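Structure assessment
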Amino acid sequence: MFMGRAREQWLETGLDVLVSDGSPGLTIDHLCTRLSKTKGSFYHHFAGREDFCNALLEHWEQKHTDDLIKATNEKEPGLALSELDRFARALPFDRESAFRRWAQASPQAAEVVRRVDTRRVAYVEELLISKGTPGDLAHTLAWLEYSLLLGASSLRDVLPEEERRKMHRLVRQLEEDNS
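Scope of this entry: the structure provided in the associated data block. (Residues numbered from 1 in each chain as written. Predicted model: local features only at pLDDT ≥ 70, side-chain atom pairs only at ≥ 80, totals over all residues. Heavy atoms only, no water.)

1. Focus: helix α2 (residues 28–35)
What α2 keeps buried is the set Ile28, Leu31, Cys32 and Leu35. Buried positions in α2, seen along its axis, are confined to an arc of 100° and lie on one side of it. Elements that come into contact with the buried residues of α2 comprise α1 (5–21), α3 (39–45) and α4 (49–72). Downstream of α2 by one or two residues, serine 36 has phi in the positive range, about 55°. (Buried < 20%, exposed > 50% of the residue type's maximum accessible area, 1.4 Å probe, protein only. Helix = DSSP H or I, 4+ residues; strand = E, 2+ residues; numbered from the N terminus. Arc of directions from axis to C-beta. Contact = heavy atoms within 4.5 Å.)

Have a look at this one:
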């Protein structure tokens with residue numbers, strides 16, 4: 001999907017506002033102030049706050065899920081898993097946290113977060129199965145890998161990087177031993 005530069009600027013600012021101010025900060029006035037733009041500019045791109053929030057949820061899903069899957073989709077499963085892990089660790093996890101907080105207060109955001117979680121885990125499961133991991137085990141390992149990624153990101157201030165790497169290697173070893 002093609003997105004104009006100005007529209008993307010609004011959405012990227014929305015991501016920043018969500019991180020810094022939470023979903024209550026996603027007001028038209030606040031967004032306009034942050035971008036030094038007029039309400040007319042906002043309404044040129046969005047029908048209103050609800051339309052903006054819908055677009056923001058779509059934007060996050062595309063940038064933080066669809067784009068990662070597309071970037072690894074044509075690769076050999078082992079390489080795809082490694083690249084996916086590298087890409088996922090590079091994501092700004094303050095955004096992940098912000099979307100999960102938003103989902104606690106918004107059924108619409110909760111549905112998107114659920115869909116994203118399900119798609120991400122299903123993709124890792126598919127890659128593991130492609131490597132030869134039995135289906136039930138692939139499902140459990142995919143959830144374990146995802147839980148480790150999210151948990152380690154929320155503990156990044158206290159979890160030493162070497163410890164995170166050890167845990168990641170252990171999960172990879174489980175995957176290899178069962179492929």
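2. Re α1
The end-to-end C-alpha distance of α1, which contains 17 residues, comes to 24 Å, matching closely the 24 Å that a straight helix rising 1.5 Å per residue would cover. Of the residues making up α1, those classed as buried are Trp10, Leu11, Glu12, Thr13, Gly14, Leu15, Val17 and Leu18. On the buried face of α1, the contacting elements are α2, α3, α4 and α6 (93–105). A positive phi of about 75° marks glycine 22, the residue just after α1. (Expected span 1.5 Å × (residues − 1).)

3. Topic: the pattern of salt bridges
Scanning all chains against the criterion turns up 19 salt bridges. A salt bridge links glutamate 12 to arginine 95; its shortest N-O distance comes to 3.0 Å. You can see glutamate 12 sitting in helix α1 and its partner arginine 95 sitting in helix α6, a full 83 residues away along the chain. Comparing glutamate 12 with arginine 95, the two get one shared label, buried. The salt bridge partner of arginine 172 is glutamate 145, with a shortest N-O separation of 3.4 Å. (Salt bridge = Lys/Arg side-chain N within 4 Å of Asp/Glu carboxyl O.)

4. Digging into the packing of α4 against helix α7 (residues 107–130)
Pairs of packed helices are described in terms of their axes, by the angle between the two and the distance that separates them. Their axes nearest at 10 Å, the elements α4 and α7 cross at an angle of 5°. When the axis of α4 is compared with that of α7, the two are roughly parallel. Here Asn54, Leu57, Trp60, Glu61, His64, Thr65, Asp66, Ile69 and Thr72 of α4 lie close against α7, whose contacting residues are Gln108, Ala109, Val112, Val113, Arg115, Val116, Arg119, Arg120 and Tyr123. The residue makeup of the contact of α4 with α7, split by class, is eight nonpolar, five polar and five charged. (Axes fitted to C-alpha atoms, helices over the stretch in contact; angles between N-to-C directions. Parallel < 35°, antiparallel > 145°, perpendicular 65-115°, else oblique. Nonpolar A, V, L, I, M, F, W, Y, C, P; charged D, E, K, R; others polar.)

5. Focus: the nonpolar core
If you look at the biggest cluster of nonpolar residues, it comprises 27 residues, and the most contacted ones within it are Trp10, Leu26, Phe42, Phe52, Leu56, Phe99 and Trp102. A per-element tally of this core places α4 first, with six residues. The residues contacting leucine 56, other than those within four sequence positions of it, are Leu11, Gly14, Leu15, Leu26, Phe99 and Trp102. Counting residues in hydrophobic clusters, the runner-up holds 15 residues, among them Ile69, Leu91, Leu128 and Tyr146. (Core = buried A, V, L, I, M, F, W, Y, C linked by side-chain atoms within 4.5 Å.)

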